[in-house]
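# A look at the structure
So you can see what is in the structure, the chains are spelled out below.
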Amino acid sequence: MYNILLGGAAGDGIETMSGLLEKMLKQSGCHLFTIRDFMSRVRGGHNFTQIRFGNQPLHAHRDTLDGIFAIDETTYREHHSQLSADGFILCDQALAIDDPRALKLPLKDVAKELENPKVISSVAIGALLKIFNFSLEHATDILKGNLREDLVDINLSALHRGFDLTEPRFDLKPVQTSDHLLVSGNTAIGLGAVAAGIRFYSAYPMSPSTTLLDFFSAQSSSMAIAVEQAEDEIAAINMAIGASYAGATAMTGTSGGGFSLMVEALGFTGIAEIPLVAVDVQRPGPATGFPTRTEQSDLKFVISASQGEFPRLVIALRDHADCFYQTARSIALAKKYQIPVILLSDQYLADSTATIPILDASEIIRFNEPEAVAQTADQPYRRYALTENGISPLRVPGKSEALVRVDSDEHDEWGQITESALLRNQMVEKRMNKLEGLKKELIEPEFWGAHQCQSLLVGFGSTSGAIKEAVDILNQEEKNYGALIFGDIYPLPTERLQHFAAQVMEIINVEQNATGQLAALLREEALICCEHSILKYDGRQLSVDDILTGIKNLKGGF
Amino acid sequence: MNKTAFTTYETAWCPGCGNFAIIETLTGVLNQMDTPPHQVVLVGGIGQAAKTNQYITANGFSGLHGRSLPAAVAIKIANDDLTVIVNTGDGDSYGEGGNHFLHNIRRNVDITHFVHDNQIYGLTKGQPSPTSDPCDLAHKTNTCNMGATFNPLLIAIAAGATFVARSFSGDKTHLAQIMAAAIKHPGYALVDILQPCVSFNKTNTFAYYKQRVKPLDDTYDSTNKLAALEKAMEFGDTIPIGILYQEQAPTYADKRPELFDTVPLIDKSVHLSEVQALINSYI
């Protein structure tokens, strides 16, 4: 298993280079997990991607590097301390990097000879593939599939020139990866929504949710999705609500700042019982915070966002496969219970790419509309018919003679505004009754580690991969560690938590926020206290190494 | 309940409110059309005018204050077979919903927007709205604007609206004509309907409007944008009513023929094999 970093300034083409290299590594028989670390600027500064690859599936990033490709000296300065003793720094020979690990090659000269300085990244890809003892077998197809036609030949030449500049240093036995996809978290959410039949997506561009809008825009014509870039997030969610009312499977996506603008409408979906899925791709707040970085600090916000009381479901996405299957499930549950479902992702998951087993569109959870109740002249359709489970038969306007009347005001069964105390009680109870059914469908947190563990780590969402890998490493010494990683998080499923809480000596919450929001939720919902916390809030995702260090520090540093 | 005709329910409006004439006229216009009630969606935000959909037998969407337009355009996008009509007030449309007003003009989705403009906030009992008359400190009341008055027609024409009209609740014949033309217009149609608020607006009364409104004469060319902009600036001793501006331009749906054909979006589906092929393109 290897870990390399590609770094340069914004505008240097690191993102494009990383995309090509990742595809070549995958075609060469590698599993991958790549994180993207970008500054909120278009040019300059320092950006990097970190590609971890090997011949077994990977679910998180690690800190220690085997290699660095440095476009500039900043990359070296920022990252040389992460580089292992026998690692390499691939860079142009002109860079002032004084390090015995430096592998200085005439990258720029080669690019200049090819008469396009931008192909320096392809020269470097060629060199990197050689260093790890891969061939250029898949290069032509990948370049053809990803570059403008007139750029293919020159980049192919650059690859070959770079390949010939150096010698192999590492050897990796390739595995079969043609049964795997290479996707980012946001792409997987998009694919899940498409599989679940999304017809309408509205959003306002906001990092790190914007690539969702880009995905749906790209698929709009071929997948029959109306995609609307709204004037603001308030419009975005109200559009999605309107489309859903009219019968379209609808979704909106944003980050915390945009979600803040959406909260009144979130309550509207609650009282009007209009199915809606809203994705919050979290970034560090408050306010503008760190626009392009990661955090898990919206949990307590989204579980209580909007005035008043109404049922909602919050699902924290744990990994790329979750992004697909849980997005589809969220659409089904939003329709079944006629509630808002909030998907919590974050920049780390949204922008990272991973190899995962092929997602199966036939495997997703679907909601099959029940047979419509016939309408008679003397009993017109009641959009908010009082039922035992709180679910009223849902119809859409124009598809029958039923008149579908919905309100943000409190209303009677037919959707007429009311101020009746009796109806108010009946409607509040009807809406909240839906939670009883919903709670039966909750998925318990995933358990990972030793079943007889004495130390239990708890986490949610995108820290899943790092927590699991840390537990595996900890258990190599003593089989004492377990972890519960929440996906469904509100309402909080508590059965498995109660079971392990009764067994273990200590519970440690591992969270990407400053206040331990999951720990607070466990106290509130399950009366369970965490003894220790491992928290990180610097905008850079908790790594396996951070968790191991955190555990070590808890043990008094020995 | 008569299933084939639009009828009205009992309302919560003040006796003498201009909304009565508007709802009566609208119901009459709807009954003149071939579209049955279940094919019509009446959308509102919040406010006295926004309650209109509560009182007519049709599909009804009573959304949030200021947010009727985004919901309305999305309803139309989702199901192009529906006739979508927004009824809401000047505060809802131009104040709280100002950003949506501007940008939905650009979208030109085929919906109709009736703004019941009484130049006052009624439901909150008498605060100035964006369209309230201007005043200075010496003449300040609770119901006038110390800032400039918002001119919705001028802004709509400038922003590229394809149907911009004004009418008056006190002239039902005129109102019916304009309403019918607005509903028929392919694209976003704005009708600003002057309407007295008998409870809170003591300036812009029925008599005030009655004296001032003047229908555009036959020589007026509603396709001349510059003339329309000039006409839209007239608001004082004379208030022009009628279609100030109209043009035939591609609608939102016209520009996306691959999504908007004879099958409404909600009835479209994508075969599972196509979805799987998209997924597999990431291998």
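Residues numbered from 1 in each chain as written. Chains lettered and ligands numbered in written order. Predicted model: local features only at pLDDT ≥ 70, side-chain atom pairs only at ≥ 80, totals over all residues. Heavy atoms only, no water.

Our next topic: the overall build of chain B. The helix and strand inventory of chain B stands at nine helices and eight strands. Its C-alpha atoms give chain B principal-axis dimensions of roughly 75 × 45 × 40 Å. Looking at chain B residue by residue over its 283 residues, the buried ones come to 57%. Residue pairs at least 24 apart in sequence account for 70% of intrachain contacts in chain B once pairs closer than 6 positions are excluded. Carbon together with sulfur atoms contributes 53% to the accessible area of chain B, which is approximately 11300 Å² in total. Counting 20 positive and 26 negative side-chain charges, chain B places the centres of these two groups 5 Å from one another. (Helix = DSSP H or I, 4+ residues; strand = E, 2+ residues; numbered from the N terminus. Buried < 20%, exposed > 50% of the residue type's maximum accessible area, 1.4 Å probe, protein only. Contact = heavy atoms within 4.5 Å. Areas by Shrake-Rupley, 256 points an atom, 1.4 Å probe, with all protein chains shown as cover. Lys, Arg positive; Asp, Glu negative; His and termini not counted. Charge placed at Lys NZ, Arg CZ, Asp CG, Glu CD.)

In this section: the sheet that holds strand β16 (residues 446-449) of chain A. Residue and element names in this part refer to chain A. Within the open sheet, the five strands sit side by side as β16-β18-β17-β20-β21. Their pairing is mixed. With one partner strand each, in any of the chains shown, β16 and β21 (532-535) form the two edges of the open sheet. Each adjacent strand pair in this sheet contributes to an overall mean axis angle of 20 degrees, direction not counted. The pairing of strand β17 (residues 455-460) with strand β18 (residues 481-486) spans six bridges and is parallel. Along β18, the bridge assignment pairs F460 with F486. Across the face of the sheet, helix α15 (residues 464-477) comes into contact with β16, β17, β18 and β20 (506-511) while running at roughly 170 degrees to β18. Where helix α16 (residues 495-503) meets the sheet, it contacts β16, β17, β18 and β20, and its direction lies at approximately 160 degrees from that of β18. (Pairing = 2+ DSSP bridges. Axes fitted to C-alpha atoms, helices over the stretch in contact; angles between N-to-C directions.)

Turning next to the sheet that holds strand β9 (residues 226-229) of chain A. Residues and elements named next belong to chain A. Pairing in this open sheet of seven strands is mixed, and the strands run β9-β8-β10-β11-β13-β12-β19 from one edge to the other. The sheet is open, and its two borders are formed by β9 and β19 (488-490), each paired with just one other strand. The average angle at which neighbouring strand axes cross in this sheet is 20 degrees, direction not considered. Relative to β19, strand β12 (residues 313-316) runs antiparallel, the two sharing two bridges. Across the sheet, residue V314 finds its bridge partner in β19, namely Y490.

Turning to the side chain of Q338 of chain A, a few remarks are in order. Residue and element names in this part refer to chain A. Among the structural elements, Q338 can be located in the loop between α12 (320-337) and β13 (340-346). Of the residues examined, Q338 reaches a relative accessible area of 3% and is grouped as buried. A distance of 2.8 Å separates polar atoms of two side chains, one belonging to Q338 and the other to R383. For Q338, the contacting residues outside a window of four places in its chain are T269, E273, I274, P275, L333, R383, I391, S392, L394 and K434. (Polar contact = N/O pair within 3.5 Å; in protein donor to acceptor, adjacent residues only side chain to side chain.)

A word on the interface of chain A and chain B. Taken together, the 67 residues of chain A in the interface contact 54 residues of chain B. Of the roughly 4800 Å² buried between chain A and chain B, counting both surfaces, carbon and sulfur atoms make up 62%. The largest share of the area that chain A buries against chain B comes from E231, L403 and R405 of chain A, three residues that together contribute 13% of it. Of the charged contacts in the structure, one is a salt bridge between E231 of chain A and R107 of chain B, with a shortest N-O distance of 2.7 Å. (Buried area = accessible area lost by both parts, 1.4 Å probe. Salt bridge = Lys/Arg side-chain N within 4 Å of Asp/Glu carboxyl O.)

Attention now goes to the environment of H451 of chain A. Residues and elements named next belong to chain A. Examined against the element boundaries, H451 turns out to sit in the loop between β16 and β17. Residues H451 and Q503, spaced 52 residues apart in sequence, show a C-alpha to C-alpha distance of 9.7 Å. Excluding residues within four positions of it along the chain, H451 makes contact with F500 and Q503.

What follows deals with α15 of chain A. All names here are of chain A. Helix length check: α15 (14 residues) gives 21 Å between terminal C-alpha atoms against 20 Å at 1.5 Å per residue, within 8%. Buried residues dominate α15, accounting for ten of its 14 residues. Taken together, the buried positions of α15 are S464, G465, A466, I467, K468, E469, A470, V471, L474 and N475. Buried residues belonging to α15 abut β3 (44-54), β16, β17, β18, β20 and α18 (544-554). (Expected span 1.5 Å × (residues − 1).)

Turning our attention to the packing of α15 of chain A against α18 of chain A. For any two helices packed against each other, the geometry comes down to the angle between their axes and how far apart the axes lie. Residue and element names in this part refer to chain A. One can describe the packing of α15 onto α18 by two numbers: an axis separation of 8 Å at closest approach and a directional angle of 50 degrees. By the criterion of interaxial angle, the relationship of α15 to α18 is oblique. Crossing of α15 against α18: the hand is right-handed. Two secondary-structure elements touch here, α15 through A466, I467, E469, A470, I473 and L474 and α18 through V544, I547, L548 and I551. Here the contact of α15 with α18 is built from residues that sort into nine nonpolar, no polar and one charged. (Parallel < 35°, antiparallel > 145°, perpendicular 65-115°, else oblique. Left-handed = near helix turned anticlockwise from the far one by under 90°. Nonpolar A, V, L, I, M, F, W, Y, C, P; charged D, E, K, R; others polar.)

What follows concerns the nonpolar core. Across soluble globular proteins, you tend to see nonpolar side chains buried next to one another. One finds F216, M251, L457 and I547 of chain A together with F61 of chain B to be the most contacted residues of the largest nonpolar core, which totals 139 residues. Membership of the second largest hydrophobic core comes to 47 residues, among which are F88, V123, L129 and L156 of chain A. (Core = buried A, V, L, I, M, F, W, Y, C linked by side-chain atoms within 4.5 Å.)

Bringing the environment of N146 of chain A into the picture now. All names here are of chain A. Inspection of the secondary structure puts N146 in helix α5 (residues 139-146). Since its relative accessible area comes to 38%, N146 is described here as partly exposed. Along the primary structure N146 and K23 are separated by 123 residues, whereas in three dimensions their C-alpha atoms are 9.9 Å apart. Here N146 is in contact with L20 and K23, once residues within four sequence places are set aside. Here K23 takes part through its side chain, which lies 3.3 Å from a polar atom of the side chain of N146.

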